[in-house]
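# Structural overview
The chain contents come next:
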Amino acid sequence: MAAPIDPDREVGSWARPGLKSLALLPLAAAGGWIAWSHLGLNRAGPLPPALSGRRSTLRTRSGRVGLYTADAKAGRPLLLIHSINAAANAYEVRPLYEHYRASRPVYALELPGFGFSERADRIYTPRLMADAILDAAAEIAGRHGGMPVDAIALSLSCAYLARAALDRPDLFSTLGLISPAGFDGRLSGYGPAEADRGNPLARQLAAFPLWGRPLFDALVSRPSMRFFLEKTWGSRDIDEGLFAYDQISAHQPGAEHAPFSFLSGYLFPEDATRSYEALTLPVFMIHGSRGDFVDYRHVGEVAGRPNWTCLRLPTGAFPHFEDRAAVTRAYDAFVSDHARSA
């Protein structure tokens, strides 16, 4: 006589191999993504220019950097500097560049590791970025008879511009800071000069050859990039032109190297707040009130100082995309006031 069937025992013994297979699915998916990234992922084609005008390459202490130039008009030169993120490039300053090229000489720098600049496999630091800004500013001033430049930077690059201006205040006439990092509760700081928040182990793990590029490819995938831009805007209504260009720029050879330093803390200075407070040049600061980058709890350390003009707009962290007219109107009034008092 056959033994009675135990349904629970039969189902359990049948399900155990299936459960084991399910447990392996994440590993299989990760392995498949790594293989696809290394062998099959379609890299973008050649990077087109982000801006109009001439594009040239400068040799600096920080390596070769890209510089866009529109200098048909006379006047004090304006230097524009993009932010730092996984897909940063000069397109981020496009609204300002295209606006000001009609009235004054305007330049847009691409920092080391981004855009058309050298994307070497190395550690990227605030000092490296500040030196690139200094050498670009010196080159531009030299093209205009030694005239100091007005300079505008975005987000984390504002801290590099501040450091450059403290090193060589003679190169700059005024400083513009759009959504500057370093006034919030997390990245503000009075740490040692030239110190950064780099974590060697985090950098080694992020850049490990087996999974480094696949990790970066996941970070700059279309869904991920759109997610982070929506956090920057504080809205789903992002600039689609910037999104499309970021996709091409982030899939160029070597695009992962500078972001690995960003992700592991090396590009975050420990003395950002101290640098801002030490500035004596005229400073124009503007930021938005929407999105993930609205913590300016320490701005009171500089607001009200005679050399600081601080404004807040009902936008995200890139107000020059959302309301270029308001940004340029306020900035022009600031420059005009300080030009008269110079």
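Our structure is the block above this text.
The written sequence of each chain sets the order in which its residues are numbered from 1. A pLDDT threshold of at least 70 governs which residues receive local features in this predicted model, and a stricter bar of 80 or more applies before side-chain atom pairs are shown or counted, although totals over entire chains, interfaces and linings include all residues. Hydrogen atoms and water are omitted, and side-chain values are computed over all heavy atoms in the structure.

### Overview of the overall build of the protein
A run of H or I in DSSP becomes a helix once it reaches four residues, and a run of E becomes a strand once it reaches two; helices and strands are each numbered from the N terminus. Helices and strands together make up the secondary structure of the protein, namely 12 helices and 8 strands. Between two residues, a contact is recorded if the distance between any of their heavy atoms is within 4.5 Å. The long-range share in the protein, meaning contacts at least 24 apart out of those at least 6 apart in sequence, stands at 80%. Note on areas: Shrake-Rupley with a 1.4 Å probe; residue coverage comes only from the protein chains shown. Only carbon and sulfur atoms are counted for the fraction: they give 58% of the accessible area of the protein, which is about 15600 Å².

### What about the pattern of salt bridges?
A pair is scored as a salt bridge if a Lys or Arg side-chain nitrogen falls within 4 Å of a carboxyl oxygen belonging to Asp or Glu. Enumeration according to the criterion identifies 20 salt bridges in this entry. For aspartate 150, the salt bridge goes to arginine 104, with nearest N and O atoms at 2.7 Å. With aspartate 150 in strand β5 (residues 149-154) and arginine 104 in the loop between α2 (94-100) and β4 (106-110), this pair connects stretches of sequence that are 46 residues apart. Throughout this description, buried means an accessible area under 20% of the type-specific maximum (1.4 Å probe, protein chains only), exposed means over 50%, and partly exposed covers the range between. For arginine 104, a relative accessible area of 10% puts it in the buried group. Because the salt bridges share partners, they merge into one network encompassing Arg61, Arg127, Asp131, Asp135, Arg163, Asp167, Glu194 and Asp271.

### Brief notes about the pairing of strand β7 (residues 283-288)
Here β7 lies mainly inside the structure; 6 of its 6 residues are buried. Where strand β6 (residues 172-178) and β7 come together, 4 bridges link them in parallel fashion. Each bridged residue has a counterpart across the sheet, and for leucine 175 the counterpart in β7 is valine 283. Should DSSP find at least two bridges between two strands, the strands are regarded as paired. The sheet contact formed by β7 and strand β8 (residues 308-313) spans 6 bridges and is parallel. Among the inter-strand pairings, phenylalanine 284 is bridged to a residue of β8, identified as threonine 309.

### Description of the sheet that holds strand β2 (residues 63-70)
Strand pairing within a sheet occurs via backbone hydrogen bonds; the two strands may be parallel or antiparallel. The 8 strands are arranged β1-β2-β4-β3-β5-β6-β7-β8 in an open sheet whose pairing can be described as mixed. A strand with exactly one partner marks an edge of an open sheet, and here the two such strands are β1 (54-60) and β8. Between one strand axis and the next, the sheet turns through 20 degrees on average, direction left out of account. Of the pairings in the sheet, the one linking strand β3 (residues 78-81) to β4 comprises 4 bridges and is parallel in character. Inter-axis angles, ranging from 0 to 180 degrees, are taken between N-to-C directions of lines fitted to C-alpha atoms, where helices are fitted over the stretch in contact.

### Some remarks on helix α3 (residues 126-143)
The terminal C-alpha atoms of α3 lie 26 Å apart, and with 18 residues this matches the ideal 26 Å at 1.5 Å per residue to within 8%. Glycine 145, located one to two residues past α3, shows a positive phi value of around 65 degrees. For a helix, the expected span equals 1.5 Å multiplied by the residue count minus one.

### So, helix α7 (residues 222-233)
With 12 residues, α7 ought to run about 16 Å at 1.5 Å a step, and its terminal C-alpha atoms sit 16 Å apart, in line with that. The set of residues buried in α7 consists of Ser224, Met225, Leu229, Thr232 and Trp233. Where α7 is buried, its residues meet α6 (212-219), α8 (240-249) and α11 (319-322). Directly beyond the C-terminal end of α7, a positive phi value near 70 degrees is found at glycine 234.

### Comments concerning the packing of aromatic side chains
Within 6.5 Å between ring centres, the rings of Phe, Tyr and Trp (the latter by its six-membered ring) count as paired, and their orientation is classed by plane angle as stacked under 30 degrees, edge-to-face over 60, tilted in between. Under the criterion given, the structure shown has 15 aromatic pairs. Ring centres 6.5 Å apart and planes at 80 degrees place the aromatic pair phenylalanine 216 and phenylalanine 260 in the edge-to-face group. In this pair, phenylalanine 216 sits in helix α6 while phenylalanine 260 sits in helix α9 (residues 257-263), placing the two residues 44 residues apart along the sequence. On the numbers, 5.6 Å between centres and 65 degrees between planes, the contact of tryptophan 233 with phenylalanine 318 is edge-to-face.

### Details of the environment of tyrosine 160
Following the sequence through the fold, tyrosine 160 ends up in helix α4 (residues 157-167). On the basis of relative accessible area, tyrosine 160 is assigned to the buried category, the value being 1%. Tyrosine 160 sits 32 residues away from leucine 128 along the chain, and the two C-alpha atoms are 9.0 Å apart. Leave out the neighbours within four places in its chain, and tyrosine 160 touches Ile84, Leu111, Pro126, Met129, Ala130, Ile133, Leu267 and Pro269.

### Examining the packing of α3 against α4
With their axes 8 Å apart at the nearest point, α3 and α4 run at an angle of 60 degrees to one another. Regarding the angle of α3 to α4, the classification is oblique. Helix-helix and strand crossings are classified by hand; for α3 and α4 the assignment is right-handed. Contacts between α3 and α4 pair Pro126, Arg127, Met129, Ala130, Ile133 and Leu134 from the former with Tyr160, Leu161, Arg163, Ala164 and Asp167 from the latter. Amino acids are sorted into nonpolar (Ala, Val, Leu, Ile, Met, Phe, Trp, Tyr, Cys and Pro), charged (Asp, Glu, Lys and Arg) and polar (every other residue, Gly among them). Here the residues of the contact of α3 with α4 are counted per class, giving 8 nonpolar, no polar and 3 charged. An angle counts as roughly parallel when it lies under 35 degrees, as roughly antiparallel when it exceeds 145, as roughly perpendicular when it falls between 65 and 115, and as oblique in every other case. Note on convention: the crossing is left-handed when the near helix lies turned anticlockwise from the far helix by less than a right angle, right-handed when the turn is clockwise.

### Here's the deal with the nonpolar core
Only buried residues count toward a nonpolar core, which is a set of Ala, Val, Leu, Ile, Met, Phe, Trp, Tyr and Cys residues joined through side-chain atoms within 4.5 Å. Residues Leu111, Ile133, Tyr160, Leu161, Phe172, Tyr276 and Trp308 are the most contacted members of the largest nonpolar core, which totals 52 residues. Residues in contact with leucine 161, not counting those within four places in the same chain, are Ile81, Ile133, Ala151, Ile152, Ala153, Phe172, Leu175, Gly176 and Leu177. Core analysis: the next-biggest nonpolar cluster, separate from the first, contains 43 residues, Tyr91, Phe260, Phe318 and Val327 among them.

None of the figures reported here should be taken as evidence of function without further support.
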